[in-house]
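Remarks on the overall topology
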Amino acid sequence: VCTPWLQAQVINSLLDLSSSSRTVLPSLSRPANYSHIFYAVMFDAGSTGTRIHVFTFIHTDSGKLPVLDNEMFYSTKPGLSAYVDIPEMAAQTVRTMLKVAKNAVPRLEWKRTPVLLRATAGLRLLPAGKAQALLDQVQHVFDESPFFVPDNSVSIMNGTKEGILAWITMNFLTGHLRKETKSTVGILDLGGGSTQITFLPKLKKTIEDVPGADYIARFDALNRTFELYSHSYLGNGQMVARLAVLGALDAEGTVHEVFRSSCLPKKFRGEWSFGGLTYQVSGDPDGYTGYKTCYQEVLKAVKGIIHQPFELEDNTVFYAFSYYYDVAVDAGLIGDVHGGRLQVRDFKKKAKEACSKTTKRPPAFPFLCMDMTYITCLLKDGFGFKESTVLQLSKKVNNVESSWALGIQSLLVFLVVLRTSVNMQHCDDSTLAVFNVKCLVDNGVLHVSGTWQINTPRVI
Ligand SMILES: O=c1ccn([C@@H]2O[C@H](COP(=O)(O)OP(=O)(O)O)[C@@H](O)[C@H]2O)c(=O)[nH]1
């Protein structure tokens, strides 16, 4: 028997879908025994790229449970924030990506397939008016699309919610969100613009010691209140950290200046683009290079900014993904498919290696020394992890993408949009999730009741 673990109210509050939202679903009348496929479209507008997920659900009525059948995923670079001064291009990106959804979803289903977009650090970092102009353009594209556009379908998700959703997802996927489970896993997410840390403290002092209310996230589940240590640091994602180290944070428009860093190979000179700007960057041919000098440079982006939680015990397992994963792959520390377990000292060792390397040929990863050193500094001098702390680097858990923060989110949005009451349950290894669903029906809106099941996708 499965254990209920998440209430619909939590989902609503996490997703900013307030109960006052007046979503009206397109009416649908079908015979009671109609066997059917449903779809949901979710956009992740990140600082380094935009991604679209198209989910397919099958609902048969023959006593069988509806299941999540598949997820179609497509991504493009750069992120929407790169079009800050040409918002029409942001609109064009989303319009083009919607074509993917149109191909994946049968025409007859378009008008009742919900489409949503959540933006993360790239838009959080922009002045509010400029971010809103981008969102307005996207909203316009959604409004003129043939898809079902719920209220609040285009918005910026705040960093704390990003952290909580990732924590819920990873603990859910690793089987830690069961009533009988005492331990949970922490998460470390290093995006392009922001970085998140979320874990369940064992000691009260960890919560009492936080510098502000935005370091604690509470929600009810499994008949208890979870009080998480969770914080998102805007500006401490990997790409914005590069800008900080290069001293290029305030560069605007066409950038003619050459930004130097001891973290780049001494003789290297090249271009690097982020957020719609292209920067001339180079090593420091006359100065010192190497790990120690580089560490002092990156420390400026960390010291006095990152809070050290009172308790970061060795026995709390932390899952690290996004750029922690990508940079570890570039460094050859883990394989790009299965990930692996690393100690904090492995990052340090590899950073030292990368920073002392000199090659005649142009380096394949010119930022490797900077990125590895930043990660080492963030983990050690930032969060205060010991060098012996083990991190689980993962792109996938149980064959499911770590980015299922969005998968789960999209599914929840779908259910909430359908005005269902949702109890989410965890079952066995072959079942990812089971939702008890009661659909509120009015004016011929879709009738769904009973249980929805998401199977763990098969590995092909
Ligand atoms: O579906 C996804 C979305 C993002 N990422 C990784 O997340 C990082 C960048 O995240 P993003 O651009 O969303 O940055 P943010 O806006 O969250 O700071 C990169 O390492 C991506 O490879 C990923 O692996 N899968």
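Owing to the predicted nature of the structure, the values given are computational and were not obtained by experimental measurement.

Notes on the overall build of the protein chain
When you go through the protein chain residue by residue, the secondary structure sums to twelve helices and 21 strands. For the protein chain, the residues scored as buried account for 45% of the 460 residues in total.

Looking at the packing of helix α7 (residues 238–246) against helix α11 (residues 368–383)
It is the contact of α7 with α11, at a shortest axis distance of 11 Å, that shows an interaxial angle of 105°. As summarised for this structure, α7 and α11 are arranged roughly perpendicular, according to the angle between their axes. Contact residues: Gln238, Ala241, Arg242 and Val245 in α7; Met370, Asp371 and Tyr374 in α11. By residue class, the composition of the contact of α7 with α11 is four nonpolar, one polar and two charged.

Points about the UniProt feature "active site" (unreviewed entry) in the protein chain
Those residues carrying the UniProt feature "active site" (unreviewed entry) are Glu162 in this numbering. Those residues in contact with Glu162, other than ones at most four positions away along the chain, are Thr120, Met157, Gln196 and Ser232.

A closer look at the environment of Ile52
Turning to its location among the elements, Ile52 is positioned in strand β3 (residues 50–59). Between the C-alpha atoms of Ile52 and Val94, which are 42 residues apart in sequence, the distance is 9.1 Å. For Ile52, the residues in contact, after removing those within four places along its chain, are Val41, Phe43, Tyr74, Met97, Val100 and Ala101.

Comments concerning the environment of Lys349
With respect to the helices, strands and loops of the structure, Lys349 is situated in helix α10 (residues 344–356). Assessed through the 16 C-beta atoms surrounding it within 10 Å, Lys349 is described here as partly exposed. Along the chain, Lys349 and Thr376 lie 27 residues apart, while their C-alpha atoms are 9.3 Å from each other.

Points about the sheet that holds strand β13 (residues 277–282)
In space, the three strands of this open sheet follow the order β11-β13-β12, with mixed pairing throughout. Of all the strands in the sheet, the pair left with one neighbour each is β11 (258–260) and β12 (269–274). On average, adjacent strands in this sheet sit at an angle of 40° to one another, irrespective of strand direction. Across six bridges, the pairing between β12 and β13 is antiparallel. Bridge pairing links Arg269 to Ser282 in β13.

The rules behind these values
Residues numbered from 1 in each chain as written. Predicted model: local features only at pLDDT ≥ 70, side-chain atom pairs only at ≥ 80, totals over all residues. Helix = DSSP H or I, 4+ residues; strand = E, 2+ residues; numbered from the N terminus. Buried ≥ 20, exposed ≤ 12 C-beta atoms within 10 Å, placed from the backbone. Axes fitted to C-alpha atoms, helices over the stretch in contact; angles between N-to-C directions. Parallel < 35°, antiparallel > 145°, perpendicular 65-115°, else oblique. Contact = placed C-beta atoms within 7 Å. Nonpolar A, V, L, I, M, F, W, Y, C, P; charged D, E, K, R; others polar. UniProt positions renumbered as here; feature names shortened; annotations may be inferred. Pairing = 2+ DSSP bridges.

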